[in-house]
Amino acid sequence: MLAYKLFGSGLNTLTIASITDVATGLTAAGTTQGTAYECTSAKNAFSTVGAGSGAILDSDAAPGDSQMIYNGGSNALSVYPPSSAQINGLGVNNAILLPTNTACEFYCLTTTLWTGILSR
């Protein structure tokens, strides 16, 4: 989404900022769902990813929300769903491994199910 196109629609600045919310230079944390870095932006770009470290999708997300995660680090990034949820068919609370230099767009379908579309 290009923010400059939204300004012409009459939406206020705060609304546009929330739609085009981007966080860059992120550092992955923890090695479990409970200790992973919680992503709270719509677009999240990790530049530092230690071995086994991870990120968790926003626990306040609602059906219809989406988040993009990009792994620009030197190791695979474990991306966890919010507690008691699952990504695709991986099972409840299990992470998807996001390879280096790869992005995934995650969509919250229900409060317990997310789906991810992986780039290559």
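Residues numbered from 1 in each chain as written. Predicted model: local features only at pLDDT ≥ 70, side-chain atom pairs only at ≥ 80, totals over all residues. Heavy atoms only, no water.

Asks: Explain a nonpolar patch on the surface to me, and be specific about the residues and the numbers.
Replies: There is a patch of nonpolar side chains on the surface, built from Tyr107, Leu109 and Ile117 and spanning about 280 Å² of accessible area. Along the chain, Leu109 falls in strand 9 (residues 102-110). (Patch = residues over 30% accessible without salt bridge, like charges linked within 9 Å, V, L, I, M, F, W, Y side chains within 5 Å. Areas by Shrake-Rupley, 256 points an atom, 1.4 Å probe, with all protein chains shown as cover. Salt bridge = Lys/Arg side-chain N within 4 Å of Asp/Glu carboxyl O. Helix = DSSP H or I, 4+ residues; strand = E, 2+ residues; numbered from the N terminus.)

Asks: Requested: an account of unusual backbone geometry, with residues and values cited.
Replies: Phi angles above zero are rare outside glycine, and Ser84 is one such case at about 75°. Its place among the elements puts Ser84 in the loop between strand 6 (77-80) and strand 7 (86-87). The partly exposed category is assigned to Ser84, whose relative accessible area is 47%. The phi dihedral of Asn93 falls on the positive side, at around 70°, and the residue is not glycine. Its place among the elements puts Asn93 in the loop between strand 7 and strand 8 (96-98). What makes Asn93 partly exposed here is its relative accessible area of 28%. (Buried < 20%, exposed > 50% of the residue type's maximum accessible area, 1.4 Å probe, protein only.)

Asks: Give me the lowdown on the layout of surface pockets, citing residues and values where you can.
Replies: In this structure, the largest pocket encloses a volume near 160 Å³. For the largest pocket, the lining is made up of 12 residues, of which Ala42, Asp58, Asp65, Ser66 and Gln67 are closest to its centre. Here the lining of the largest pocket is built from residues that sort into 3 nonpolar, 5 polar and 4 charged. (1 Å grid on protein atoms, 1.4 Å probe; cavity = no way out; pocket = protein on both sides within 12 Å on 5 of 7 lines; lining within 4 Å. Points joined across faces, edges and corners; volume = space filled by probe spheres on them. Nonpolar A, V, L, I, M, F, W, Y, C, P; charged D, E, K, R; others polar.)

Asks: Summarise the side chain of Ser41; cite the residues concerned and give the values.
Replies: Along the chain, Ser41 turns up in the loop between strand 2 (37-38) and strand 3 (43-48). Looking at Ser41, the relative accessible area reads 10%, which means it is buried. Within the structure, Ser41 has its side chain in polar contact with the side chain of Asp21 (distance 3.4 Å). With near-sequence residues (within four places) excluded, Ser41 lies in contact with Asp21, Val22, Ala23 and Gln67. (Polar contact = N/O pair within 3.5 Å; in protein donor to acceptor, adjacent residues only side chain to side chain. Contact = heavy atoms within 4.5 Å.)

Asks: Provide a residue-level description of the packing of aromatic side chains, including the pertinent values.
Replies: What the rule picks out here adds up to 1 aromatic pair. Ring plane angle 90° and centroid distance 5.7 Å describe the contact between Tyr37 and Phe46, whose orientation is recorded as edge-to-face. Given the relative accessible area of 29%, Tyr37 is considered partly exposed. Under the relative-accessibility criterion, Phe46 is labelled buried at 1%. (Phe/Tyr/Trp six-rings, centres within 6.5 Å; stacked < 30°, edge-to-face > 60°.)

Asks: Quick rundown of the nonpolar core? Include the residues and the values.
Replies: Counting residues in hydrophobic clusters, the biggest one holds 19 residues, and the most contacted among them are Phe46, Leu57, Ile69, Leu77, Val79, Phe106 and Trp114. Every element with two or more residues in this core is listed here: strand 1 (22-27), strand 6, strand 8 and strand 9. Ranked by residue count, the leading element in this core is strand 9, at 3 residues. Each residue touching Val79, except ones within four places of it in the same chain, is listed here: Ala55, Leu57, Ile69, Ile87, Asn94, Ala95, Ile96, Leu98 and Phe106. (Core = buried A, V, L, I, M, F, W, Y, C linked by side-chain atoms within 4.5 Å.)

Spatial relationships are all this shows, so hold off on functional conclusions.
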